[in-house]
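# Structural overview for review
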Amino acid sequence: MTATIPNLPSLYDPFTTEAKWQKFWEDNQVYKADPQRGGEPYCIVIPPPNVTGSLHMGHAFDNTLIDSLIRYHRMKGYNALYLPGTDHASIAVHTILEKQLQAEGKTRYELGREKFLERAWQWKDSSKGTIVGQLRRLGVSVDWSRERFTMDEGLNKAVIEEFVRFHEEGLIYRSKYLVNWCPATQSAVSDLEVENKEVNGHLWHFRYPLTDGSGSVEVATTRPETMLGDTAVAVNPNDDRYKHLIGKTLTLPIMQREIPVIGDEFVDPEFGTGCVKVTPAHDPNDFEMGQRHDLPFINIMNKDGTLNENAGDFQGQDRFVARKNVVKRLEADGFLVKVEEYKHAVPYSDRGKVPIEPLLSTQWFVKIRPLADRTLSFLDEQNSPQFVPQRWTKVYRDWLVKLRDWCISRQLWWGHQIPAWYAVSETGGEITDNTPFVVARSEAEAREKASAQFGADVKLEQDPDVLDTWFSSGLWPFSTLGWPDRTEDLEFYYPTATLVTGFDIIFFWVARMTMLGGHFTGQMPFKDVYIHGLVLDENGKKMSKSAGNGIDPLLLMDKYGTDALRYTLVKEVVGAGQDIRLDYNRQKDESASVEASRNFANKLWNAARFVMMNLDGKTPQQLGVEALHATSLQLSDRWILSRYHQVVKQSTDYIDNYGLGEAAKGLYEFIWGDFCDWYIELVKSRLFQKDAEGAASRLVAQQTLAYVLEGILKLLHPFMPHITEEIWHTLTQSEEGQSISVQPYPESDATLIDSELEQQFELLIEAIRTLRNLRAEAGIKPGVKVKAVMQSESDRERQILTSSELYIQDLAKVESLTITSALETALEPAIADVVGTVQVLIPLAGVVDVVVLKAKLEKSLSKAQAEAKSLSARLSNPTFVDKAPADVVQGAKDALAEAEKQIEILQARLRLLK
């Protein structure tokens, strides 16, 4: 698998590398979890993507964050399980299949349930392969041997058990109730599957005449067609304008039905005319008023969105066609008062993409309060689960407080069929609202129960409806581990450690899981809920199919590599829960930010290649680490080791607190800047020493390089698993079957951290950078060595520069370096700049045009003087000095002192040029 002598190709090929390691991980079952290994468990269940889907940027983001946490904890010694699976997506699959059948000129009823389900399973098998293949491409470290599907045999058993237990406990009931009805899918949908959209509509005002001929009342509505089902008009009983009308009757226009005027405190006297039409079968508020006042419930709507026989002349018309025709009739009959432009929220079906209809329907419901209240007790008494960021706790809690009973039945065929059997022989062979039923775990059990109640000749028919998808996915954290059986996986890995998900499904999914987990297991299903934001497009807008602004992660992976996309997504996260914006050029299908991450991968590759070319074919283990605590360490060795162990501590602290983006950024800065740009450059001359005198120094440099490089690979592995695996195998010449992903995560050694040294080294780095910039400004050729002068009145700064003199000469191509406390008055013209309070000069000796140089210095002086003037004015302002925090005031004073010092130095330099 690896070369005998470490050797990397000259160019990094992410595509070959990534495919190789994805196959290696799976073939060698590197991520197969085993509860018998013991240790501390760390389990995350994948938020199951729909089998209908393909990998979108939200999937890529979510799974990259999860995989980073899993890989990190696996390396930290946890017994980690990342459990994969997919959701059957009941409504989505059903909609797709019905569209296919429609194109063929068929309906599902013509096909029959059995053939329809065969077709659904075929669709699932073909579509599931797409999303699973794409997840594999992302390099997620899941245990594929434990892959689950929400309708596999085990999970189906769990869902049936859930339903039966709920029913036995009196928490499931069947009742006629007003539900959200989607005419497109012809199914009930839950409150959570309804999206309110602001639309520009109309508010129609109609006149309803009093039956006794004494006048009329004016009502307003956004849905005129529903007036055909009105059974009352309501006013507030305390409204002096109308309370004398309570008890009288009106004649409903068109339908000529006599309806009462009722008094109900729900009516807001300030809204509209203060008179409200009441349609109990088609509005949730009206439904409750209808129950309070014992009004008739008249359903005027068919399940496909057309009007039924109760709509009179409008029977058979689509609801929106009927709306126009009802308005025309009312206008013709003289009952239309006025029409107003009106912007309001209209509830849409999330799946069907059409306005929902409140419809009176017999459905199955879960009594939600006992479940929600128990979940609230976990939150209030144990702070379980803990939300990151914590602000989502209130959102979650408020939602649990407001929950209403959960409608769980769907008028579809693809899904978990409701385990209830009706004794249709008791109601003429048909299922009616009054047909008795039994709930059972199987048809055989149902027949046994029904026979005991209705006799051996009872005829049974299973409920044709299926259960809401969330009824099964709410069990996901424990059904995937074997519940209701007490499996080894369930005993060891449950409760899971962390749920990683977007804020947009706290209500859809998170609350379902906590309620069901609390009820059936007595524990919250996860310790932490890490809420991340959304991936926004290049304009900062939410990606959506309807907007057509999605960014295909596979396209970016094909262009830049998987690791580059993964690293970009993580690195862009600033603070848990924040949205991230992904840079993208749609004309070229390019992303500058992902390209930058690919460049980072190339930088690491080239640095690793250089290091391995200079280790004499030895591995870090063969080189040893004896020198790392020895006095033979040079200043640069001590500095990089201190920086490395600081970064180890920083990365650990960040990831432990879900600061993944901050950890990724810190690694980027350390690897690219400190290690590649500085330390490797600082030790190059030592690596090229072959004589006996330089051998000891060369060995220390090799040991330090190898040690830090291997540590870097381990730190970076959770974010960029493929390139780190490739380099690590080559660097360590590891045995067949080994993987960096199961190596110990680095631990910080406090004895090697020297913060003061790091601060000193910053001065050295800035001094070298300044000399390089001055050379470039002066147009001095790279191979030409120069003289340099560094002047500082600070003993400490001069000491730091003196101890680093060789590094400065080596990296800045300086032939002779003078470090002094004062400049000679007779110093020849020089190009100069300032680092803190150190003046850095390169004598010109005819290299640079003095006139041009003088102009540059004068520009710098003007900038420094403007800065000093601004700071001085700020510090002269009593409001700022008295009210600003002490550290802010002190910072302004320090900045002013530095600006004044720079002015002094720049003025001195200009004097030298006169």
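Quick caveat: nothing in here was measured; it's all calculated off a predicted structure. (Residues numbered from 1 in each chain as written. Predicted model: local features only at pLDDT ≥ 70, side-chain atom pairs only at ≥ 80, totals over all residues. Heavy atoms only, no water.)

### Here we look at the environment of Lys76
Formally: Only DSSP runs of H or I reaching four residues or more are called helices, and only runs of E reaching two or more are called strands; each is numbered from the N terminus. It only takes one pair of heavy atoms within 4.5 Å for two residues to be counted as in contact.
Here Lys76 shows up in the loop between α2 (57-75) and β2 (79-83). Between the C-alpha atoms of Lys76 and Thr879, which are 803 residues apart in sequence, the distance is 51 Å. The contact partners of Lys76, leaving out residues within four places of it in the chain, are Thr652 and Tyr745.

### Here we look at the pairing of strand β29 (residues 838-843)
Put simply, the rule is: Accessible area is worked out with a 1.4 Å probe on protein chains only. A residue is then buried under 20% of its type maximum, exposed over 50%, and partly exposed in between. DSSP bridges decide pairing: two strands pair if at least two such bridges lie between them.
The element β29 is extensively covered by neighbouring structure, given that six of its six residues are classed as buried. Two strands pair when backbone bridges link them, and strand β26 (residues 786-791) and β29 are joined in this way by three bridges, in the antiparallel orientation. Looking across to β29, one finds that Gln791 is bridged to Gln839. The turn linking strand β28 (residues 830-835) back onto β29 is made up of two residues, and Gly836 within it adopts a positive phi angle of 65°.

### Some details on the packing of aromatic side chains
As a reminder of what qualifies: Aromatic contacts are taken between Phe, Tyr and Trp rings whose centres are within 6.5 Å, Trp giving its six-membered ring; a plane angle under 30 degrees counts as stacked, one over 60 as edge-to-face, and the others as tilted. Each ring is checked for a lysine NZ or an arginine CZ that lies within 6 Å of its centre and within 35 degrees of its normal; such an atom marks a charge sitting over the ring.
Within the structure shown, the criterion is met by 38 aromatic pairs. Aromatic pair Tyr109 and Trp413: ring centres 5.4 Å apart, planes at 80°, arrangement edge-to-face. Here Tyr109 is found in helix α4 (residues 108-111), whereas its partner Trp413 is found in the loop between β17 (409-410) and β18 (420-423), with 304 residues between them in sequence. Assessed through its relative accessible area of 58%, Tyr109 is described here as exposed. Between the aromatic rings of Phe478 and Tyr494, the centroid separation amounts to 5.7 Å while the plane-to-plane angle is 70°, which identifies the pairing as edge-to-face. Highlighted residues: Phe478 in helix α13 (residues 476-479) and Tyr494 in the loop between α14 (488-493) and β22 (496-502), separated in sequence by 16 residues. Accessibility assignment for this pair places Phe478 and Tyr494 in one class, buried. Following the ring pairs from residue to residue traces out a cluster consisting of Phe163, Phe166, Trp364, Trp406, Tyr422, Phe437, Phe471, Phe478, Trp483, Tyr494 and Phe520. A cation over a ring is seen here: Arg71 above Trp25, with NZ or CZ 4.6 Å from the ring centre. Above the plane of the ring of Phe149 lies Lys124, whose end atom (NZ or CZ) is 4.6 Å from the centre.

### Some words on the packing of helix α18 (residues 592-613) against helix α23 (residues 721-732)
Our working rule: The axes are straight lines fitted to the C-alpha atoms, using for helices just the contacting stretch, and the angles between their N-to-C directions are given from 0 to 180°. Angles below 35 degrees are treated as roughly parallel, those above 145 as roughly antiparallel, those between 65 and 115 as roughly perpendicular, and all remaining angles as oblique. Under the grouping applied here, Gly and all other residues not named as nonpolar or charged are polar, the nonpolar ones being Ala, Val, Leu, Ile, Met, Phe, Trp, Tyr, Cys and Pro and the charged ones Asp, Glu, Lys and Arg.
Close contact between α18 and α23 brings their axes to 11 Å; oriented N to C, the two are set at 0°. When the interaxial angle is binned, α18 and α23 end up roughly parallel. Of α23, the residues touching α18 (which contributes Ala601, Leu604, Trp605, Ala608 and Met612) are Ile723, Glu726, Ile727, Thr730 and Leu731. For the contact of α18 with α23, the class distribution of residues is eight nonpolar, one polar and one charged.

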